[in-house]
Amino acid sequence: MNRGISSETPLIEMSNGQKKFGLFQALTNIDLTINEGEIVTLLGPSGCGKTTLMRIIAGFEALSSGSLKIDGKDVAALPPEKRPVNMVFQRYALFPHLDVFDNVAYGLKVKGVAREERRSRVQAMLKTVQMESLAHRFIGELSGGQCQRVALARALVNGPRVLLLDEPLAALDLKIRQHMLAEMKRIQMETGATFVYVTHDQDEAMILSDRVVLIDRGRIVQVDKPQDMYFRPRTLFAAKFLGETNLFEGKAGASSDGQILLQTPDGPFDITAGAVPMGGAHTAVMSVRPEAMSFRRCASQDDHELEAEIDDVIFSGSRSFFHLVSRGGQKFRVQVQNLPGAELPGTGDMVHVCWRKDSAIILQP
Ligand code: ATP
């Protein structure tokens, strides 16, 4: 199979899912649909419930209430091995006494798949994960990235409709992690399996996913494409969890045409994205990403501007980070792409900072 494009056919459907451990409510009102062929990441801080949600899909935990369907069938009564699902664990759980080939072949052997078919399926899968040349190495003789490939091959050789991956790259260093993310995307496209991927790393989630499911304290707070979640966070939590953002506080009022006016110590800002309740002034924050800001005078009606003093400058190769304090006393950061020969302001300079109005969004604190 080589689709590489997710369909709109629902494969996993959870409705009003609740999970309690004793008195502790680990998951609340989970409504989630994952389509066939998608890569979906469950993202959120430690302890928010990502692994619990994945273990429920795998069948290692049961919902306290609510329903879970896979491929249109209620799976509540199905044990893990009867679900069209395979899981790759953080520590891979490979057999050290078997070589790469036999590790990948193990599941097929248990299922009684004939020797010749087993051989050709394992060989094809080792080719997909680019491990054919190491088929006869033992697990102790492999690097972390190679173990990860074997674990993927072992799970995928069974032809699961869904592959569940629980922080599979956590044990690898940054360079290998980035490489494995690209590999994982390629492998997913080749096999067409649906990937559900747990991580607390927002970069991993954004690089890998078709859609990100953001979870906070057991509740789904937003499900979106990475770009939409980054540029249009619906909550302050989402804005702060994905990337970095500047938050300018003030009192906001909405007009009947949908325009919002935020009164701040640096003057008023008119904003169209986000929402505040109608009537009166409400405490709100304006979120603007540091890379959306630049040092220039306002060029048009489409821009916002304020004056600020540079407190600190951090050079970081391709980019520089400026720490500033506005005239109104608000601290924020500007990120600038470094170009050879470009003149940039320095510490102590008063500057005009400008950004497009449509890069600002109003959020509730
Ligand atoms: P991490 O990123 O640290 O792995 P997570 O988002 O995957 O975190 P979970 O492992 O799903 O979080 O745990 C969610 C909450 O449920 C945590 O507060 C955890 O302590 C609790 N929890 C998980 N399993 C159990 C259990 N078997 N009994 C009691 N509480 C549990």
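Per chain, the residues get numbers from 1 upward, laid out in the order the sequence is written. Local features in this predicted model are restricted to residues of pLDDT 70 or higher, and side-chain atom pairs are both shown and tallied only at a pLDDT of 80 or more, whereas totals for entire chains, interfaces and linings draw on every residue. Only hydrogens and water are removed before side-chain values are computed, so all heavy atoms of the structure are retained for them.

> Residues and numbers for unusual backbone geometry, please.
We note that aspartate 71 has phi near 55 degrees; this positive angle belongs to a residue other than glycine. In this description a helix means any DSSP run of H or I spanning at least four residues, a strand means any run of E spanning at least two, and both kinds are numbered starting from the N terminus. You can see aspartate 71 is positioned in the loop between β4 (65-70) and β5 (73-74). Positive phi is not limited to glycine here, since arginine 217 has a value of about 45 degrees.

> For the site of the ligand, give the residues involved together with the corresponding values.
The environment of the ligand is formed by Phe21, Phe24, Ala26, Pro45, Ser46, Gly47, Cys48, Gly49, Lys50, Thr51, Thr52 and Glu167. Residues adjacent in sequence count toward polar contacts only when both atoms are side-chain atoms; beyond that, a polar contact is any pair of N or O atoms within 3.5 Å, and within protein one must be able to donate a hydrogen and the other to accept it. A distance of 2.6 Å separates an oxygen atom of the ligand from a polar side-chain atom of serine 46. Residue exposure ignores everything except the shown protein chains as possible cover, and the areas themselves are Shrake-Rupley values with a 1.4 Å probe. Notes on the ligand: free accessible area 640 Å², of which the protein chains cover 58%. Among the secondary structure elements, those contributing two or more residues to the shell around the ligand are β2 (24-35) and α1 (50-58). In terms of residues, the shell around the ligand owes the most to one element, α1, which gives 3 residues. Gly is placed with the polar residues, together with every amino acid not listed as nonpolar (Ala, Val, Leu, Ile, Met, Phe, Trp, Tyr, Cys and Pro) or charged (Asp, Glu, Lys and Arg). For the shell around the ligand, the residue count by class is 5 nonpolar, 5 polar and 2 charged. Any residue with at least one heavy atom within 4 Å of a molecule or strand is counted as near it.

> Can you lay out the packing of helix α2 (residues 100-110) against helix α3 (residues 115-128) for me, pointing to particular residues and giving the numbers?
A fitted line through C-alpha atoms represents every axis, and for helices the fit uses only the stretch in contact; the resulting angles, taken between N-to-C directions, go from 0 to 180 degrees. Contact geometry for α2 and α3: axes closest at 10 Å, N-to-C directions at 130 degrees. Relative to α3, α2 is oriented oblique. Relative to α3, the crossing made by α2 is right-handed. Contacts from Val100, Phe101, Val104, Ala105, Leu108 and Lys109 of α2 reach α3 at Arg118, Arg119, Arg121, Val122, Gln123 and Leu126. Classifying every residue of the contact of α2 with α3 gives 7 nonpolar, 1 polar and 4 charged. By the definition adopted for this analysis, an angle is roughly parallel if under 35 degrees, roughly antiparallel if over 145, roughly perpendicular if from 65 to 115, and oblique otherwise. Handedness of a crossing is defined here by the sense of rotation of the near helix relative to the far one, left-handed for an anticlockwise turn of less than a right angle and right-handed for a clockwise turn. Only heavy atoms enter the contact rule, under which two residues are in contact if any of them lie within 4.5 Å.

> So what's going on with the sheet that holds strand β18 (residues 319-326)? Residues and values would help.
DSSP calls a pair of strands paired once it identifies at least 2 bridges connecting them. A sheet is described by the order of its strands in space; here 5 strands give the open sequence β16-β20-β17-β18-β19, paired in antiparallel fashion. At either end of the open sheet lies a strand with only one pairing partner, and these are β16 (294-295) and β19 (331-337). The sheet contact formed by β18 and β19 spans 7 bridges and is antiparallel. Looking at the pairing, phenylalanine 322 lines up with valine 334 of β19.

> Mind laying out α1, listing which residues take part and the relevant values?
With a 1.4 Å probe rolled over the protein chains alone, any residue whose accessible area is under 20% of its type maximum counts as buried; one over 50% counts as exposed, and the rest are partly exposed. By the criterion of burial, α1 is predominantly enclosed, with 7 of the 9 residues buried. For α1, every residue scored as buried is listed here: Lys50, Thr52, Leu53, Met54, Ile56, Ile57 and Ala58. Taken from the residues just after α1, glycine 59 is the one with a positive phi, measuring 100 degrees.

> Give a description of helix α5 (residues 174-191) that names residues and reports values.
Here α5 contains 18 residues, and its C-alpha end-to-end distance of 25 Å stays within 8% of the 26 Å for a straight helix at 1.5 Å per residue. Along α5, the residues that are buried comprise Arg177, Met180, Leu181, Glu183, Met184, Ile187, Gln188 and Thr191. Among the structural elements, β3 (39-43), α3, α4 (144-156), β7 (162-166), β8 (194-199) and α6 (202-208) are those in contact with the buried residues of α5. Downstream of α5 by one or two residues, glycine 192 has phi in the positive range, about 75 degrees. Expected span, for any helix, means 1.5 Å times one less than how many residues it has.

> Tell me about the environment of aspartate 349, and please be specific about residues and values.
Along the polypeptide, aspartate 349 turns up in the loop between β19 and β20 (350-356). Judged by its relative accessible area of 34%, aspartate 349 is partly exposed. In sequence terms aspartate 349 and leucine 324 are 25 residues apart; their C-alpha atoms lie 9.7 Å from each other. Excluding residues that lie within four positions of it along the chain, aspartate 349 makes contacts with Ala308, Glu309 and Ile310.

> How would you summarise the pattern of salt bridges if you had to cite specific residues and measurements?
When a carboxyl oxygen of Asp or Glu is within 4 Å of a side-chain nitrogen of Lys or Arg, the pair counts as a salt bridge. Enumeration according to the criterion identifies 14 salt bridges in this entry. The closest approach of N and O atoms between aspartate 358 and arginine 356, which form a salt bridge, is 2.7 Å.

> With reference to specific residues and values, describe the domain arrangement of the protein.
Throughout the structure description, domain borders are defined by an automatic or database domain assignment. Each assigned domain of the protein is listed with its residue range as follows: domain 1 (10-238) and domain 2 (244-363). The C-alpha centroid of domain 2 is placed 39 Å from the C-alpha centroid of domain 1. Across the contact, 7 residues belong to domain 1 and 8 residues belong to domain 2. By definition, the buried area sums, over both parts, the 1.4 Å-probe accessible area that each loses when the two are put together. In total, about 680 Å² of surface goes out of reach between domain 1 and domain 2, with carbon and sulfur atoms giving 56% of it. Here domain 1 and domain 2 share 0 salt bridges between them.

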